[in-house]
Amino acid sequence: MALLATCSPRVGRSVARLAVPCKATASSRGSIVVGQRAWQASPVQRLTAVRSFSTGSPWKVAVIQDQQIPKDEAVGALSGKGFEVAWTLDAPSDASVLVTVTNPVTEAVLDKHPNCKLVAVSFTGFNHVDLEACKKRGISVVNVPAYSTDSVAELSVGLALSVYREIPAGERTLRTGGWVHSAGGMEIRDKVIGIVGLGDIGLRTAELFSAFGPREILGWSRRPKPAFEKFGKQIAIEELFEKSDIVSLHVALNAETQKIIGRSLLERLRPDAVLINVARGGVCDQEALAELLAQRRFRAGLDVFATEPIPADDPILKVPADQAVMIPHVAYKTVEALRRRMEITATNIRLFADGNPRNVVLDAK
């Protein structure tokens, strides 16, 4: 039985309750009639809905990457918005929408899905989508901003505490039969915190760090951010690296920010400073980062890397364990954030189908 895929979820649910196939027509009063039920719709939604029913099928959504929540939850979030769901992964499809997280969407991938009109990225970053290829094919792209703000900000503080209080190293000592690990860790209180990137996550991170009583919170962004004024002051990025005890990175990865944290900035950090990266590995010059960490020029808490998974021969893996706490890109990965992300993704597709798109990063019209 066909479900309505291009109008409201309420209509989709109404259709699903019908026991027999039905037809949809646009009434003179501006409603869509489904069986004996009517729904008030905009002109665009009326036209889209009638076209959907005229073809006898709803929009099909192909999931080409596992969504990191139980499969039935992911499928339920999409089908609950009135879509037919195909869990295709690497298989070709005739779907109108592709859903990915971080798997690349290239020309070769798009060739497998010739009917695609929308790529829905269940992630904030979208640099793994070939936007030029999408544009040439008339394919729009949407993403999910701000779904993991709290998760990422909390981990930034968590990594700082892990480095300062030597938590992983202390556990290793305990598990190998030891007890006294070191002369002691450090407090965040009365330290200078530097926040690089003052979007939602950077601001939330500043808010969390402020609870520890730092001496000062400094910030850097390419543009003035009035919302940061209640936490601290914006300064030049070079000055921030020189003055900060903890530097936390929160910039998006794009052509302008690729390796923005280069050797010259890293060399400004003091030996007792800590660099936290929960942004993207590509914003740092990882070769210089690994070299300077190995020289004990500063310490770091790293969640992201230039290449993920990390190649076995990458110099970053040779950094002494007491110089860096490294974890496998999990800042965004909390149960709450992943479920929120899936729901926003489904809503993004629904709104696109209804002619009211949001979170658009490429409008192919």
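Residues numbered from 1 in each chain as written. Predicted model: local features only at pLDDT ≥ 70, side-chain atom pairs only at ≥ 80, totals over all residues. Heavy atoms only, no water.

**Some points on the packing of aromatic side chains**
Then step 1. In total, this model carries three aromatic pairs according to the counting rule given.
Then step 2. A centroid spacing of 6.2 Å and a plane angle of 65 degrees characterise the contact between Trp 59 and Phe 352, whose relative ring orientation is edge-to-face. With a gap of 293 residues between them, Trp 59 in the loop between helix 2 (43-54) and strand 4 (60-63) and Phe 352 in helix 12 (residues 335-353) connect regions that are remote in the sequence. The pair formed by Trp 59 and Phe 352 is uniform in burial state, with each residue classed as buried.
Then step 3. Geometrically, the ring pair formed by Phe 228 and Phe 231 is tilted, given 6.4 Å between the ring centres and 50 degrees between the ring planes. Summarising the burial analysis for this pair, Phe 228 and Phe 231 share the class buried. (Phe/Tyr/Trp six-rings, centres within 6.5 Å; stacked < 30°, edge-to-face > 60°. Helix = DSSP H or I, 4+ residues; strand = E, 2+ residues; numbered from the N terminus. Buried < 20%, exposed > 50% of the residue type's maximum accessible area, 1.4 Å probe, protein only.)

**Description of a nonpolar patch on the surface**
Then step 1. A contiguous nonpolar patch, built from Leu 174, Trp 179 and Val 180 and spanning about 430 Å² of accessible area, is present on the exposed surface.
Then step 2. Along the chain, the position of Leu 174 falls in helix 7 (residues 167-175). (Patch = residues over 30% accessible without salt bridge, like charges linked within 9 Å, V, L, I, M, F, W, Y side chains within 5 Å. Areas by Shrake-Rupley, 256 points an atom, 1.4 Å probe, with all protein chains shown as cover. Salt bridge = Lys/Arg side-chain N within 4 Å of Asp/Glu carboxyl O.)

**What about the sheet that holds strand 16 (residues 360-362)?**
Then step 1. Taken in spatial order, the six strands line up as 5-4-6-7-8-16 in an open sheet, and their pairing is mixed. The open sheet has two edge strands with one neighbour each: strand 5 (84-86) and strand 16. Sheet twist, expressed as the average angle between the axes of neighbouring strands with direction ignored, equals 25 degrees.
Then step 2. Sheet topology places strand 4 next to strand 6 (residues 97-100); three bridges connect them, and they run parallel. Bridge pairing in strand 6 links Ala 62 to Leu 98.
Then step 3. Along the sheet, helix 12 makes contact with strand 4, strand 6, strand 7 (118-121) and strand 8 (140-142), crossing strand 7 at roughly 155 degrees. (Pairing = 2+ DSSP bridges. Axes fitted to C-alpha atoms, helices over the stretch in contact; angles between N-to-C directions. Contact = heavy atoms within 4.5 Å.)

**Digging into the sheet that holds strand 13 (residues 274-277)**
Then step 1. With parallel pairing, seven strands are arranged side by side in an open sheet as 11-10-9-12-13-14-15. In the strand order of this sheet, the two ends are held by strand 11 (233-234) and strand 15 (324-326), each with one partner.
Then step 2. Pairing geometry for strand 9 (residues 192-196) and strand 12 (residues 246-249), over four bridges, is parallel. Considered in strand 12, the bridge of Val 196 is made with Leu 249.
Then step 3. Along the sheet, helix 8 (residues 200-210) makes contact with strand 9, strand 10 (216-220) and strand 12, crossing strand 9 at roughly 170 degrees.
Then step 4. Most of the contacts of helix 11 (residues 286-294) go to strand 14 (residues 299-302), to which it runs at about 135 degrees, and overall it touches strand 13, strand 14 and strand 15.

**A short note on the packing of helix 6 (residues 149-164) against helix 8**
Then step 1. Where helix 6 contacts helix 8, the axes come no closer than 8 Å and their chain directions differ by 50 degrees. For the element pair helix 6 / helix 8, the angle class is oblique. Remark: the crossing between helix 6 and helix 8 carries right-handed chirality. For the pair helix 6 and helix 8, the contacting residues are Thr 149, Asp 150, Val 152, Ala 153, Glu 154, Ser 156, Val 157 and Ala 160 in the first and Asp 200, Ile 201, Arg 204, Thr 205, Leu 208 and Phe 209 in the second.
Then step 2. In terms of residue class, the contact of helix 6 with helix 8 is made up of seven nonpolar, three polar and four charged. (Parallel < 35°, antiparallel > 145°, perpendicular 65-115°, else oblique. Left-handed = near helix turned anticlockwise from the far one by under 90°. Nonpolar A, V, L, I, M, F, W, Y, C, P; charged D, E, K, R; others polar.)

**Details of the pattern of salt bridges**
Then step 1. Enumeration over the complete set of coordinates arrives at 20 salt bridges.
Then step 2. Between Glu 107 and Lys 136 there is a salt bridge, and its shortest N-O distance comes to 3.2 Å. Placement of Glu 107 in helix 4 (residues 107-111) and of Lys 136 in helix 5 (residues 131-136) is noted, with a sequence separation of 29 residues between them.
Then step 3. Two residues, Asp 111 and Arg 137, come together in a salt bridge whose shortest N-O distance is 2.6 Å. Within this pair, whereas Asp 111 is found in helix 4, its partner Arg 137 is found in the loop between helix 5 and strand 8, the two being separated by 26 residues in sequence.
Then step 4. What makes Asp 111 exposed here is its relative accessible area of 51%.
Then step 5. Look at Arg 137 and you get partly exposed, because its relative accessible area is 30%.
Then step 6. Among the charged side chains, a salt-bridge network with shared partners connects Glu 107, Asp 111, Lys 136 and Arg 137.

**Description of the packing of helix 3 (residues 71-79) against helix 12**
Then step 1. Relative to each other, helix 3 and helix 12 sit at 30 degrees, their axes nearing to 8 Å. What the angle tells us is that helix 3 and helix 12 run roughly parallel. Crossing handedness for the pair helix 3 and helix 12: right-handed. Residue-level contacts link Glu 73, Ala 74, Ala 77 and Leu 78 of helix 3 to Arg 339, Met 342, Glu 343, Ala 346 and Ile 349 of helix 12.
Then step 2. Residue classes in the contact of helix 3 with helix 12 are distributed as six nonpolar, no polar and three charged.

**Remarks on the nonpolar core**
One recurring pattern in soluble globular proteins is that nonpolar side chains are buried together.
Then step 1. Val 97, Leu 110, Val 119, Cys 134, Phe 209, Ile 246 and Ile 349 are the most contacted members of the largest nonpolar core, which has 64 residues in total.
Then step 2. Residues in contact with Val 97, not counting those within four places in the same chain, are Trp 59, Lys 60, Val 61, Ala 62, Leu 118, Ala 120 and Ile 349.
Then step 3. Phe 241, Leu 266, Ala 279 and Leu 289 belong to the second largest nonpolar core, which has 32 residues in total. (Core = buried A, V, L, I, M, F, W, Y, C linked by side-chain atoms within 4.5 Å.)

**Some words on the pairing of strand 10**
Then step 1. In terms of burial, strand 10 is largely enclosed, as four of its five residues are buried.
Then step 2. Note: strand 9 against strand 10, five bridges, orientation parallel. Paired with Val 192 across the strands is Glu 216, a residue of strand 10.
Then step 3. Handedness of the β-α-β unit built from strand 9, helix 8 and strand 10 comes out right-handed.
Then step 4. One ladder, built from two bridges, connects strand 10 with strand 11; its direction is parallel. Looking across to strand 11, one finds that Leu 218 is bridged to Lys 233. (Right-handed = clockwise from strand over helix to strand, strands pointing away.)

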